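One-letter residues, chain by chain:
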Protein chains: 4
Amino acid sequence: MPPQPPTCSVEFRARYAETDQMGIIYHANYLPWCEIGRTDLIRRLWRSYADLEARGVLLAVTEATLRYHASAKYDDLIRVVTTLEQVRSRGVVFTYEILRVDGEATKRLATARTELISIDRGGTPVRLPPEVMAAFRGSE
Amino acid sequence: MPPQPPTCSVEFRARYAETDQMGIIYHANYLPWCEIGRTDLIRRLWRSYADLEARGVLLAVTEATLRYHASAKYDDLIRVVTTLEQVRSRGVVFTYEILRVDGEATKRLATARTELISIDRGGTPVRLPPEVMAAFRGSE
Amino acid sequence: MPPQPPTCSVEFRARYAETDQMGIIYHANYLPWCEIGRTDLIRRLWRSYADLEARGVLLAVTEATLRYHASAKYDDLIRVVTTLEQVRSRGVVFTYEILRVDGEATKRLATARTELISIDRGGTPVRLPPEVMAAFRGSE
Amino acid sequence: MPPQPPTCSVEFRARYAETDQMGIIYHANYLPWCEIGRTDLIRRLWRSYADLEARGVLLAVTEATLRYHASAKYDDLIRVVTTLEQVRSRGVVFTYEILRVDGEATKRLATARTELISIDRGGTPVRLPPEVMAAFRGSE
């Protein structure tokens, strides 16, 4: 039986600043929400992503796909469930499920997927540090 | 020979507010750039998108895909080339090419695609007004 | 002895999306942080600000002042202490202290003040509902 | 007679991404608009602000005041009139008038003022390069 990919769940409220005149959360703001999710997962698997940048390794998004199923509204309690789908020597793939939480019930608002490449400060692709690879894979 | 889908090109400078601590334009900010592109194309084909909303018809993004090829920097001159790929009775598909302009030369930074559905203020899918359909298709 | 004005404290982490290429949180992003603070205080004193908008009463910012003392960084734990300084029939004044939290220690990053006016959906100034006034003042 | 402080005017359209569910431009988004204004004025007086950062001198906002008189809407043609009010050895003060342009007519939407301090990459206050001071003052 294959091991489960590492996953985590984070919750926060949709901000007024994130709405648009359609009366819903502006579609681009789901990408920062995905980032909150993967930031949280990286912290749980290893350490803060800030520590990775302090070592000169940056994770840059090279591809993003978003599917919007229902709209989020101001003050909604949002849950982002993030999964680390793939770990490669020079990059990672995360998927996301974005939900609205109403007490016990949840409603799926969006699903997303991002590919990230590891680069140095100059933008050159570099290998993920072995210790980071191990931490990311250890939970797989 | 099939007619060319309608396309247009708009230019602006990348804002400091759009950068992140990687020293480049934050990846989510390409979605508002796509929106600037399609806003401009809609205005050229028909009228302002604001007029469409004034009639109670909203275009909501249901799917977005972005591929990042090179990074944009603060103060770069950005060109968004937008194409109206498909016109359906209840939605439209746009594609985008995002370029950096350096005098005569250009560099491709990103490509994107968004699907939009036409809805009323309550979120129910509705048909695009015939006059809008005609304007969108008339140029195809 | 004059009663203490109502105050509350909310914490969250600074987002990567909120940084700029100076490597710090972009200065405009403190205004949404203030909004998170007053949203929280309104909820504690009365109900969700969303309920106020549902009644057709909106609070629009008419004046904002920000003083930046030290910079916030990505992933900092931020605390916003919000105080409802004044309640008038057609508006309210909030002040904010924005701090970084490091374990037991805190560092003051910024102070801010916003004046808000109560308007209807058409933008006309209106009185705050008596029940809201009472809730806002009841704690004073 | 005192010389006129240097001023410039820049125009652009309000973006959909900048609206909120009040149906107007979100108040925090006026700060990036001010930044567009001073970026443009710096370029006219000297060179791109990016060149200043390339020399290791950054201009960080230490104080911002905004007064909102009327609301901006999506697709409004916005004009920012920026004035360099003060040039000091370690900082500058800009003021802004933000207008909506309707053909020949204009409507004042907001006024703002920002104080900026010149710092190095480590955050230490530094003197503005003499050549920059001269360019900023030469037009006064």
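Quick caveat, the model's predicted, so the values are computed rather than measured. (Residues numbered from 1 in each chain as written. Chains lettered and ligands numbered in written order. Predicted model: local features only at pLDDT ≥ 70, side-chain atom pairs only at ≥ 80, totals over all residues. Heavy atoms only, no water.)

1. Considerations on the relation of the copies chain C and chain B
Note the threshold: A residue counts toward the fit only if its pLDDT is at least 70 in both copies, and the copies are then superposed by least squares on the C-alpha atoms of those residues. Contacts are residue-level and defined by heavy atoms, with any inter-residue pair within 4.5 Å sufficient.
Least-squares fitting of chain C to chain B yields an RMSD of 0.0 Å, with the superposition described by an axial translation of 0.0 Å and a rotation of 180°. Each copy turns onto its partner about a two-fold axis. Interface overlap between copies is the fraction of interface residues in one copy that are interface residues in the other; for chain C against chain B it reaches 100%, indicating a shared surface.

2. Here we look at the pairing of strand S3 (residues 77-88) of chain C
Residues and elements named next belong to chain C. For clarity, the cut-off: Strands are labelled as partners when DSSP assigns at least two bridges between them. For the purposes of this entry, the term helix denotes a DSSP run of H or I that reaches at least four residues, the term strand denotes a run of E that reaches at least two, and both are numbered from the N terminus.
Direction of pairing for strand S1 (residues 7-13) relative to S3: antiparallel, over a ladder of seven bridges. Of the residues in S3, the one forming a bridge with Val10 is Val80. Of the strand pairs in this sheet, S3 and strand S4 (residues 91-102) are connected by eleven bridges, and their pairing is antiparallel. Its bridge partner being in S4, Gln86 is matched across the sheet by Val93. The loop that links S3 with its antiparallel partner S4 comprises two residues.

3. Comments concerning the interface of chain B and chain A
Here is the rule we go by: Buried area counts how much accessible surface, traced with a 1.4 Å probe, disappears from two parts once they are put together, with both parts' losses summed. A carboxyl oxygen of Asp or Glu within 4 Å of a side-chain nitrogen of Lys or Arg is what we treat as a salt bridge. Three classes are used, and their members are as follows: Ala, Val, Leu, Ile, Met, Phe, Trp, Tyr, Cys and Pro are nonpolar, Asp, Glu, Lys and Arg are charged, and the others, Gly among them, are polar.
At the interface, 23 residues of chain B touch 23 residues of chain A. Summed over both partners, the interface of chain B with chain A buries about 2,000 Å², with 55% contributed by carbon and sulfur atoms. Taken together, the links from chain B to chain A amount to two salt bridges. One salt bridge in this structure joins Arg67(B) and Glu63(A), with 3.3 Å as the shortest N-O distance. Here the element with the most residues in the side of chain B that touches chain A is strand S2 (residues 58-68) of chain B; it accounts for eleven residues. Looking at side-chain class alone, the side of chain B that touches chain A contains 13 nonpolar, four polar and six charged residues. Relative to S2(B), strand S2 (residues 58-68) of chain A is paired through five bridges, and the arrangement is antiparallel. In the sheet register, Leu66(A) faces S2(B), and the bridge partner there is Ala64(B).

4. Quick look at the sheet that holds strand S4 (residues 91-102) of chain A
Convention followed: Inter-axis angles, ranging from 0 to 180 degrees, are taken between N-to-C directions of lines fitted to C-alpha atoms, where helices are fitted over the stretch in contact.
The ten strands lie next to each other as S1(A)-S3(A)-S4(A)-S5(A)-S2(A)-S2(B)-S5(B)-S4(B)-S3(B)-S1(B), forming an open sheet whose pairing is antiparallel. Among the strands making up the open sheet, the edge pair consists of strand S1 (7-13) of chain A together with strand S1 (7-13) of chain B. On average, adjacent strands in this sheet sit at an angle of 25° to one another, irrespective of strand direction. Taken strand by strand, helix H3 (residues 130-138) of chain B contacts strand S3 (77-88) and strand S4 (91-102) of chain B, and its axis lies near 115° from that of S3(B).

5. Observations concerning the interface of chain C and chain B
Test applied: In protein, a polar contact requires one atom able to donate a hydrogen and another able to accept it; more generally it is a pair of N or O atoms within 3.5 Å, and residues adjacent in sequence count only if both atoms are side-chain atoms.
Contact residues are listed per partner, giving nine residues for chain C and nine residues for chain B. On the chain C side of the interface with chain B, the three residues burying the most area are Tyr16(C), Gln21(C) and Tyr26(C), jointly 60% of the side's total. In this structure, the connection of chain C to chain B is made through zero salt bridges. For the interface between chain C and chain B, the tally reads four residue pairs in polar contact (both at pLDDT 80 or more). Looking at the side of chain C that touches chain B, its residues break down into five nonpolar, three polar and one charged.

6. Let's talk about the side chain of Thr95(A)
Residue and element names in this part refer to chain A. Among the secondary structure elements, Thr95 is positioned in strand S4. Engagement of the side chain of Thr95 in a polar contact is seen with the side chain of Glu85, the distance being 2.9 Å. Apart from the residues lying within four places of it in its own chain, the contact partners of Thr95 are Val81, Thr82, Thr83, Glu85, Ala112 and Arg113.

7. Observations regarding the relation of the copies chain B and chain A
Mapping chain B onto chain A is achieved by rotating through 180° and translating by 0.0 Å along the same axis, at an RMSD of 0.0 Å. The share of interface residues of chain B whose copies in chain A are also at the interface is 100%, consistent with both copies meeting through the same surface.

8. Digging into the state of the cysteines
This is how it is decided: Disulfide: a pair of cysteine sulfur atoms within 2.5 Å of each other.
Applying the stated criterion across every chain yields a total of zero disulfides over all chains. Cys8(A) takes part in no disulfide bond, and the closest cysteine sulfur, belonging to Cys34(A), lies 12 Å away.

9. A few points about helix H3 (residues 130-138) of chain A
All names here are of chain A. In plain terms, the rule: Exposure categories follow from relative accessible area, calculated using a 1.4 Å probe and restricted to protein chains: below 20% of the type maximum is buried, above 50% is exposed, and the middle band is partly exposed. By construction, the arc corresponds to the directions joining the helix axis to the C-beta atoms.
Val132, Met133, Ala135 and Phe136 are the residues of H3 that are buried. Take H3 and look down its axis: the buried residues cluster within an arc of 165°, on one side only. Within H3, the exposed residues directed more than 90 degrees away from the buried face are Pro130 and Gly138.

10. Section: the sheet that holds strand S4 (residues 91-102) of chain D
As summarised here, the arrangement of the ten strands in space is S1(C)-S3(C)-S4(C)-S5(C)-S2(C)-S2(D)-S5(D)-S4(D)-S3(D)-S1(D), forming an open sheet in which the pairing is antiparallel. The outermost strands of the open sheet, each flanked by one partner alone, are S1 of chain C together with strand S1 (7-13) of chain D. Taken pair by pair, the neighbouring strands of this sheet meet at an average axis angle of 25°, ignoring direction.

11. Digging into unusual backbone geometry
All names here are of chain B. Within the chain, Asp75 stands out as a residue other than glycine whose phi angle is a positive 75°. In this fold, Asp75 is placed in the loop between S2 and S3. By relative accessible area, which is 9% here, Asp75 ends up buried.

12. Observations regarding the confidence of the model for chain A
Should pLDDT be low for a region, the predicted coordinates there are not to be read in detail. Note the cut-off: pLDDT is defined as a per-residue confidence score from the predictor, taking values between 0 and 100.
Looking at chain A as a whole, the pLDDT averages 95, with 97% of positions reaching at least 70. ipTM for the predicted complex: 0.94, alongside a pTM of 0.95.

13. Notes on the pattern of salt bridges
The tally for this structure, following the rule as stated, stands at 56 salt bridges over all chains. For Asp51(A), the salt bridge is made with Arg47(A), and the minimal N-O distance between the two is 3.9 Å. Look at Asp51(A) and you get partly exposed, because its relative accessible area is 30%. The exposure class of Arg47(A) is partly exposed, given its relative accessible area of 36%. Where Asp40(B) meets Arg44(B), a salt bridge forms, and the shortest distance between an N and an O atom there is 3.1 Å. Remark: Arg44(B) and Asp40(B) occur in helix H1 (residues 30-45); sequence separation between them is four residues, near one turn of the helix. Relative accessible area serves as the criterion here: at 15%, Asp40(B) is assigned to the buried category. Accessibility expressed as a relative area gives 55% for Arg44(B), which makes it exposed. Here the residues in one salt-bridge network are Arg47(A), Asp51(A), Arg55(A) and Glu131(A), joined through shared partners.

14. Quick look at the packing of aromatic side chains
This is how the line gets drawn: Planes of paired rings set the category: under 30 degrees apart is stacked, over 60 is edge-to-face and the rest tilted, where pairs are Phe, Tyr or Trp rings (Trp by its six-membered ring) whose centres lie within 6.5 Å. A ring is considered to have a charge above it if a Lys NZ or an Arg CZ atom is located within 6 Å of its centre and within 35 degrees of its normal.
The tally for this structure, following the rule as stated, stands at 28 aromatic pairs over all chains. Centre to centre, the rings of Phe12(B) and Trp33(B) are 5.4 Å apart; their planes meet at 70°, and the pair counts as edge-to-face. Within this pair, whereas Phe12(B) is found in strand S1, its partner Trp33(B) is found in helix H1, the two being separated by 21 residues in sequence. An identical accessibility class is assigned to Phe12(B) and Trp33(B); each is buried. In textbook terms, an aromatic cluster arises when at least three aromatic residues are bridged by ring pairs, as seen for Phe12(A), Tyr30(A), Trp33(A) and Tyr68(A). One cation-aromatic arrangement involves Arg15(A) over Phe12(C); the distance from NZ or CZ to the ring centre is 5.6 Å.

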